[in-house]
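# Working through the structure, step by step
Below are the chains, spelled out letter by letter.
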Number of protein chains: 4
Amino acid sequence: MPRAAKPDRKADSLSPRDRILEAAARLICEKGYDATSIQDIADATGLTKAGLYHHIRSKESLLLEIQHYGMDVFEEKVLSEVVAIADPLERLKGCMDKNVRLVTEGWSKEVTIILHEHATLTGEARSQINARKKRYVRFLETSFAEAIRSGQIRPVDPKVAAFSFLGMVLWIYKWFRPDGPVSAEQIAREMQNILFGGLEIKAPPRPPARKVRRA
Amino acid sequence: MPRAAKPDRKADSLSPRDRILEAAARLICEKGYDATSIQDIADATGLTKAGLYHHIRSKESLLLEIQHYGMDVFEEKVLSEVVAIADPLERLKGCMDKNVRLVTEGWSKEVTIILHEHATLTGEARSQINARKKRYVRFLETSFAEAIRSGQIRPVDPKVAAFSFLGMVLWIYKWFRPDGPVSAEQIAREMQNILFGGLEIKAPPRPPARKVRRA
Amino acid sequence: MPRAAKPDRKADSLSPRDRILEAAARLICEKGYDATSIQDIADATGLTKAGLYHHIRSKESLLLEIQHYGMDVFEEKVLSEVVAIADPLERLKGCMDKNVRLVTEGWSKEVTIILHEHATLTGEARSQINARKKRYVRFLETSFAEAIRSGQIRPVDPKVAAFSFLGMVLWIYKWFRPDGPVSAEQIAREMQNILFGGLEIKAPPRPPARKVRRA
Amino acid sequence: MPRAAKPDRKADSLSPRDRILEAAARLICEKGYDATSIQDIADATGLTKAGLYHHIRSKESLLLEIQHYGMDVFEEKVLSEVVAIADPLERLKGCMDKNVRLVTEGWSKEVTIILHEHATLTGEARSQINARKKRYVRFLETSFAEAIRSGQIRPVDPKVAAFSFLGMVLWIYKWFRPDGPVSAEQIAREMQNILFGGLEIKAPPRPPARKVRRA
DNA sequence: TATGAATGAGGGTTCATTCAT
DNA sequence: TATGAATGAACCCTCATTCAT
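Keep in mind that this is a model prediction, so the values were computed, not measured.

## Focus on the overall build of chain A
Scanning chain A for helices and strands turns up 10 helices and zero strands. Reading the secondary structure of chain A in the N-to-C direction produces α-α-α-α-α-α-α-α-α-α. Classification of the 215 residues of chain A by burial places 32% in the buried group. Sequence-distant contacts in chain A: of pairs separated by 6 or more residues, those separated by 24 or more amount to 68%.

## Observations concerning the environment of Leu115 of chain A
All names here are of chain A. On the secondary structure map, Leu115 appears in helix H6 (residues 108–116). On the neighbour-count criterion, Leu115 (20 C-beta atoms within 10 Å) is buried. Spatially, the C-alpha atom of Leu115 lies 29 Å from that of Ala86, the residues being 29 residues apart in sequence. Excluding anything up to four places from it in sequence, Leu115 contacts Leu170 and Tyr173.

## Considerations on the environment of Glu65 of chain D
Tracing the sequence through the fold places Glu65 of chain D in helix H4 (residues 59–82). Separated by 26 residues in sequence, Glu65 of chain D and Arg91 of chain D place their C-alpha atoms 29 Å apart.

## Considering the protein's contact with DNA strand F
Taken together, 32 residues sit near DNA strand F, with Ala50 and Gly51 of chain B, Ala50 and Gly51 of chain C together with Ser37 of chain D positioned nearest. For the surface near DNA strand F, the elements supplying multiple residues, two or more each, are helix H2 (38–45), helix H3 (49–52) and helix H4 (59–82) of chain A, helix H3 (49–52) of chain B, helix H3 (49–52) of chain C together with helix H2 (38–45), helix H3 (49–52) and H4 of chain D. Tallied by class, residues from the surface near DNA strand F come to 12 nonpolar, 12 polar and eight charged.

## A look at the relation of the copies chain A and chain B
Placing chain A over chain B gives an RMSD of 0.3 Å and needs a rotation angle of 179°, together with 0.1 Å of translation along the axis. Both copies of the chain, as the preceding transformation shows, are related through a two-fold rotation axis. For chain A, the minimum C-alpha distance to the rotation axis belongs to Gly198 of chain A and amounts to 1.6 Å. A shared interface surface links the copies, since 100% of the contact residues of chain A are contact residues in chain B too.

## Observations regarding the protein's contact with DNA strand E
Residues in close proximity to DNA strand E total 32 residues, the closest being Ala50 and Gly51 of chain A, Ser37 of chain B together with Ala50 and Gly51 of chain D. Those elements that place two or more of their residues in the surface near DNA strand E are H3 of chain A, helix H2 (38–45), H3 and helix H4 (59–82) of chain B, helix H2 (38–45), H3 and helix H4 (59–82) of chain C together with H3 of chain D. Across the surface near DNA strand E, the residue classes break down as 12 nonpolar, 12 polar and eight charged.

## Details of the relation of the copies chain C and chain D
Relative to chain D, chain C is turned by 179° and slid 0.1 Å along the rotation axis, the superposed coordinates differing by an RMSD of 0.3 Å. Of all interface residues in chain C, 93% are interface residues in chain D too; the two copies therefore contact each other through one and the same surface.

## With respect to the interface of chain A and chain B
Across the contact, 28 residues belong to chain A and 28 residues belong to chain B. Among the elements of the structure, helix H8 (158–175) and helix H9 (184–199) of chain A are those that each provide at least two residues to the side of chain A that touches chain B. Per-element accounting of the side of chain A that touches chain B gives the leading share, 11 residues, to H8 of chain A. Looking at the side of chain A that touches chain B residue by residue, the class counts come to 16 nonpolar, seven polar and five charged.

## A short note on the packing of helix H8 (residues 158–175) of chain C against helix H8 (residues 158–170) of chain D
Close contact between H8 of chain C and H8 of chain D brings their axes to 7 Å; oriented N to C, the two are set at 110°. Viewed along their axes, H8 of chain C and H8 of chain D adopt a mutual orientation that is roughly perpendicular. Pair H8 of chain C / H8 of chain D crosses with right-handed handedness. Every residue of H8 of chain D that contacts H8 of chain C at Ser164, Gly167, Met168, Trp171 and Trp175 of chain C is listed here: Phe163, Ser164, Leu166, Gly167, Met168 and Leu170 of chain D.

## Describing the interface of chain C and chain D
Facing the 30 residues of chain C at the interface are 29 residues of chain D. Put simply, the parts of the chain that give the side of chain C that touches chain D at least two residues each are H8 and helix H9 (184–199) of chain C. Here the side of chain C that touches chain D gets 11 residues from one element, more than from any other, and that element is H8 of chain C. Residue composition of the side of chain C that touches chain D, by class: 17 nonpolar, seven polar and six charged.

## A short note on the confidence of the model for chain A
Residue and element names in this part refer to chain A. Per-residue confidence for chain A averages 87 on the pLDDT scale, and 86% of its residues sit at or above 70. Every residue in residues 1–11 is under pLDDT 50, and counting partners more than four places away or in other chains gives nine contacts. Here residues 203–215 is modelled with pLDDT under 50, and outside its nearest four sequence neighbours on either side it reaches one contact, counting other chains as well.

## Some details on helix H1 (residues 16–31) of chain B
Residues and elements named next belong to chain B. Relative to the 22 Å expected for 16 residues at 1.5 Å per residue, H1 spans 22 Å between its end C-alpha atoms, a close match to the ideal helical length. Inspection of H1 places Ile20, Leu21, Ala23, Ala24, Ala25, Ile28 and Cys29 among the buried residues, and these make up the whole buried set. Lining the buried residues of H1 we find H2, H3, H4 and helix H6 (108–116).

## Some remarks on the environment of Tyr136 of chain D
Residue and element names in this part refer to chain D. Looking at the secondary structure, you find Tyr136 in helix H7 (residues 123–149). Accessibility expressed as a C-beta count within 10 Å gives 18 for Tyr136, which makes it partly exposed. In this structure, the C-alpha to C-alpha distance between Tyr136 and Leu79, residues 57 residues apart in sequence, is 8.1 Å.

## A word on the packing of helix H5 (residues 88–104) of chain D against H8 of chain D
Packed helix pairs are specified by the crossing angle of their axes together with the interaxial distance, meaning the distance between the axes. All names here are of chain D. For the pair H5 and H8, interaxial distance at closest approach is 9 Å and the crossing angle is 30°. Our classification of the angle between H5 and H8 gives roughly parallel. The handedness of the crossing between H5 and H8 is right-handed. Along the contact surface, H5 presents Met96, Asn99, Val100 and Val103, while H8 presents Phe165, Val169 and Leu170.

What counts, and at which threshold
- Residues numbered from 1 in each chain as written.
- Chains lettered and ligands numbered in written order.
- Predicted model: local features only at pLDDT ≥ 70, side-chain atom pairs only at ≥ 80, totals over all residues.
- Helix = DSSP H or I, 4+ residues; strand = E, 2+ residues; numbered from the N terminus.
- Buried ≥ 20, exposed ≤ 12 C-beta atoms within 10 Å, placed from the backbone.
- Contact = placed C-beta atoms within 7 Å.
- Near = placed C-beta within 6 Å.
- Nonpolar A, V, L, I, M, F, W, Y, C, P; charged D, E, K, R; others polar.
- Least-squares fit on C-alpha atoms with pLDDT ≥ 70 in both.
- Axes fitted to C-alpha atoms, helices over the stretch in contact; angles between N-to-C directions.
- Parallel < 35°, antiparallel > 145°, perpendicular 65-115°, else oblique.
- Left-handed = near helix turned anticlockwise from the far one by under 90°.
- pLDDT = per-residue confidence, 0-100.
- Expected span 1.5 Å × (residues − 1).

Right, dumping it as structure tokens:
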């Protein structure tokens, strides 16, 4: 399993194991799991097919590992950065910012695979990944519920809110192009604005507003 | 063997052709295009592989036909219902409502396939479908831009707004279960609320502002 | 079986049967027997595959019939024209002339098929055609032997002479193009010249030769 | 499994690759390309179909390789042996001798395939082989033209002469049987005799000879 | 570690032929 | 006669995986 804490001199100094994961992720992301053959991965790593099997147990285990790795990165780059934020609205905004950047900046391969090959794994492997995904959904749901209770955002269904958040953010992998007209920063800013700029109850307004109206 | 003498509520009275499309859509939706074999589809329709080829030209043509059919339904059930709405905000709200219902009520198979197998078709076939998809994106972008110009919603990037809309709505296919805790109606209502209830510039503020300007 | 004695107003007035044979011959000549499907022949005749089977017994029977028909035409246009010639050398020269014309002028399709699909038929069907071919070889051998006995041509092996004759003449189907630089007439004349102009013993030499034998 | 420790006179010591080519050539020669299945070739080599594909790229590539190999052998055993002969008539006679021996002695399989499957290859592969064939035709044409200019043979059309030469010689593959009544040597001798014994202008002898006799 | 060779299973597709209508 | 539908057998080829070396 690739550790994030590494000399990190880029792809050339990686262990064979990591070079395989790297190549597999690239190919599976580009062509899909079924359309990527073991031969493709062997070619991309300069190994023979049989040689490859000294490093991996099976094609499916590769996919599982890539998905776990993607979740590792996600949890490191997104979740762990925001879990400690006490204010639920700030937590959600931070989460959106980090998540947009993850999807748009460099880790899109693994994320794309997790999203696109969501039904390829089966049995235990599938359950493992699904459990990790559900943790994230629940984290979002909980945060939305908190923000509603605290009066920071309007009372909406937390589940629908969480999946709306996810849909907006994860859908990005289907249309974003790094060399396109919209930058990652713009997307992060605009999406925060779109979802929270409206959703959010503009703090002073409401209670005063009521008072004013009553007056 | 299809007997004509039957109550025939649904699938039983279809032409062989349509029964094949129906079965193929179901299987491809469930397992993915690559994981669905011609044998699977033959089994599901009670034909032999060779018999199947009496009705279709190739596996890929099946996928193309399903996707075109999905786009047909989409354009009939969603686009054609809202294009004539003059008010851009109402148009967008109506569009969201119709689209959510399409995704949640019965046509999800074809839509799912269009979304999930977005890179499976190649060449001319792929271009055809992509062109139809892009029409929808542009329709949304344009509507958002109009609504911004008319002052009905806050000034956000129309492209990001359009893809946020799409992400929210289309992502539904990944999590919605008809027998789940959230109904299709709820989703439609809540998502309208989430995206426009916030995005929209609340009416009261504006009139005074206008009056002031006019004054 | 197509009769040669017909109104002969060309392809349009033919019986379905003959239109099938005509189309099959054309296609099999162009693409080969294995590469020509029953569907191809059905398409070319405007029939359905099943309709075709009302007129023919099997694909192989079609090939047999075409080959028999080719042999019919050959015997009518070549053999029957020259068998009665008493002088063996004149007979051979006439035979070459007729044969070259047959191969180059209009009946090349059936002849090509007989030559190219010489191993496609099996069993009884193959034997039938082979028997007819062998008759021709023996006819040539006999004629060469006669011409040698009569002192008209030099003493060569009649079998090799016969197959040389055949090779020269039948090979034409591999290289002749009606719109090419060499006309059918030229070929006929030149090949007579090449084979007999040389082979033939020029008049004067002969008498001495007899004397030698007598001595 | 190829064991190295063996007397190994012929086929047994070949590389798997060559054993495949050998078997394929034999089968394709016997039954034709279309009628020879990959399964046939696999059976003949003791491999499975999938195992076969470890050594070859496709069925068509096998045919191409066989044809190129046939041309290689032809150029080595025929062309290279005679190109250097200065006298054009001697060159043609030598060529006929070598060519007859090639067709009758052991290399007939590949030659037969080149001749019979002349329309099976397509595209680039076909062009490659055709180019090599055409070189030979031009070589013969040129040699005939030279021999005519030098007054060694009577003035005939070089193109027709070249194709007559080819027809005689190549047709052999259709009728020659190693255990038949005519030996390869006989064929070579007789065909030289038939084509050149007559074609050739008996140099000074004839016109003077006549005068002398008359005198 | 590494590999060449091999394989069983299965992929999509085509074929000549049949038969109820 | 004619046909739409169907089929069993075969087609070429690819796959993930294994194993002796």
